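Here is what each chain is made of, one letter per residue.
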Amino acid sequence: MDQKAQNTILYTVLISQFTMPFMFSGIAVTLRIMGREMNASGVALSLVEIVFLGTSGALMLPFGKLADMTNKQAVYKTGLLATAITTLILGLVQSIDVFIFFRFIQGLTFALVVSTNMAIITETMPKQQLGKSMGLSIGAVYAGLSVGPFVAGIVTEYVGWRWIYYI
């Protein structure tokens, strides 16, 4: 595999590694405004976060096993496409109950992506770049956690909470 293909794979993985923690930490900032707009209870708003994280966590191992038994790249690409579609739908939803359902689906699709990220890096990167690539991947996770609330707050303030899902 040539260097350009390896870099493309690495950058794609880094973006997906950034996105899940961003979607978890950044969404917390939007809950108050979302709750007001959808007339949601505190319990429903807490489910927005819990359903996403719980679903992702519960399905990572089974999806990792599925990817090992089939095709990691196909599982990853399916997860990316499904995540993009689900995330856009979330920006359009008007009901908190439907929103929670699609957060469940989003957690499922993120599990497809996250369960294959490190395996794809391990298979595609040369041994001399593997440590650096894994470090960048882990750094992307913490960057998503760190900047999520800040970026989501700015986006919510200036263009609205739904834009977190459109972006």
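Quick notes on the rules
Residues numbered from 1 in each chain as written. Predicted model: local features only at pLDDT ≥ 70, side-chain atom pairs only at ≥ 80, totals over all residues. Heavy atoms only, no water. Helix = DSSP H or I, 4+ residues; strand = E, 2+ residues; numbered from the N terminus. Contact = heavy atoms within 4.5 Å. Expected span 1.5 Å × (residues − 1). Bend = angle between axes of the 7 residues up to and from the residue. Buried < 20%, exposed > 50% of the residue type's maximum accessible area, 1.4 Å probe, protein only. Patch = residues over 30% accessible without salt bridge, like charges linked within 9 Å, V, L, I, M, F, W, Y side chains within 5 Å. Areas by Shrake-Rupley, 256 points an atom, 1.4 Å probe, with all protein chains shown as cover. Salt bridge = Lys/Arg side-chain N within 4 Å of Asp/Glu carboxyl O. Axes fitted to C-alpha atoms, helices over the stretch in contact; angles between N-to-C directions. Parallel < 35°, antiparallel > 145°, perpendicular 65-115°, else oblique. Left-handed = near helix turned anticlockwise from the far one by under 90°. Nonpolar A, V, L, I, M, F, W, Y, C, P; charged D, E, K, R; others polar.

Caption draft 1: Structural view of the side chain of serine 115. Position of serine 115 relative to the elements: it lies in helix α5 (residues 96-124). What serine 115 contacts, discounting residues up to four positions off in sequence, is Met60, Phe63 and Gly64.

Caption draft 2: Layout of helix α6 (residues 127-158). With 32 residues, α6 should reach 46 Å at 1.5 Å per residue; the first-to-last C-alpha distance of 45 Å fits that figure. The largest bend along α6 reaches roughly 45 degrees and is located at valine 147, with the proline proline 149 sitting one to four residues downstream. Within α6, the full set of buried residues consists of Leu130, Ser133, Ser137, Ala140, Gly144, Gly148, Ala152, Val155 and Thr156. Where the residues of α6 are buried, they touch α1 (3-25), α2 (27-38), α5 and α7 (163-166). Of the residues one or two after α6, glycine 160 is the one with positive phi, at around 110 degrees.

Caption draft 3: Fine view of a nonpolar patch on the surface. A surface patch of nonpolar side chains, about 860 Å² in accessible area, is lined by Val147, Phe150, Val151, Ile154, Tyr158, Val159, Trp163 and Ile167. For the nonpolar patch, the leading source of residues is α6, giving 5 residues. Residue class for isoleucine 154 comes out partly exposed when judged on its relative accessible area of 39%.

Caption draft 4: Spatial organisation of the packing of α1 against helix α4 (residues 72-92). For the pair α1 and α4, interaxial distance at closest approach is 12 Å and the crossing angle is 40 degrees. By the angle between their axes, α1 is oblique relative to α4. Classified by chirality, the crossing of α4 by α1 is left-handed. Listed contacts from α4 to Thr12, Val13, Ser16 and Met23 of α1 are Tyr76, Leu80 and Thr87. Grouping the constituent residues of the contact of α1 with α4 by class yields 4 nonpolar, 3 polar and no charged.

Caption draft 5: Geometry of the packing of α1 against α2. At their nearest, the axes of α1 and α2 sit 5 Å apart, and the two run at 35 degrees to each other. For the pair α1 and α2, the contacting residues are Phe22, Met23, Phe24 and Ser25 in the first and Ile27, Ala28 and Val29 in the second. In terms of residue class, the contact of α1 with α2 is built from 6 nonpolar, 1 polar and no charged.

Caption draft 6: Molecular detail of unusual backbone geometry. A positive phi angle, close to 55 degrees, is found at asparagine 39, a residue other than glycine. In this structure, asparagine 39 sits in the loop between α2 and α3 (42-69). A residue is classified by how much of its surface remains accessible, and asparagine 39, at 71% relative accessible area, is exposed.

Caption draft 7: Geometry of the pattern of salt bridges. The tally for this structure, following the rule as stated, stands at 4 salt bridges. Across the pair lysine 72 and glutamate 123 runs a salt bridge, and its minimum N-O distance is 3.1 Å. A residue pair is termed long-range when its members are at least 10 positions apart, and lysine 72 in helix α4 and glutamate 123 in helix α5 qualify at 51 residues. Residue lysine 72 is classed as buried on the basis of its relative accessible area, which comes to 14%. When its relative accessible area of 48% is taken as the criterion, glutamate 123 is described as partly exposed. Among the ionic contacts, a cluster of salt bridges with common partners joins Asp68, Lys72 and Glu123.

Caption draft 8: Highlighting the environment of alanine 5. Here alanine 5 shows up in helix α1. Under the relative-accessibility criterion, alanine 5 is labelled partly exposed at 27%. Taking the C-alpha atoms as reference, alanine 5 lies 9.9 Å from methionine 125; in sequence the two are 120 residues apart.

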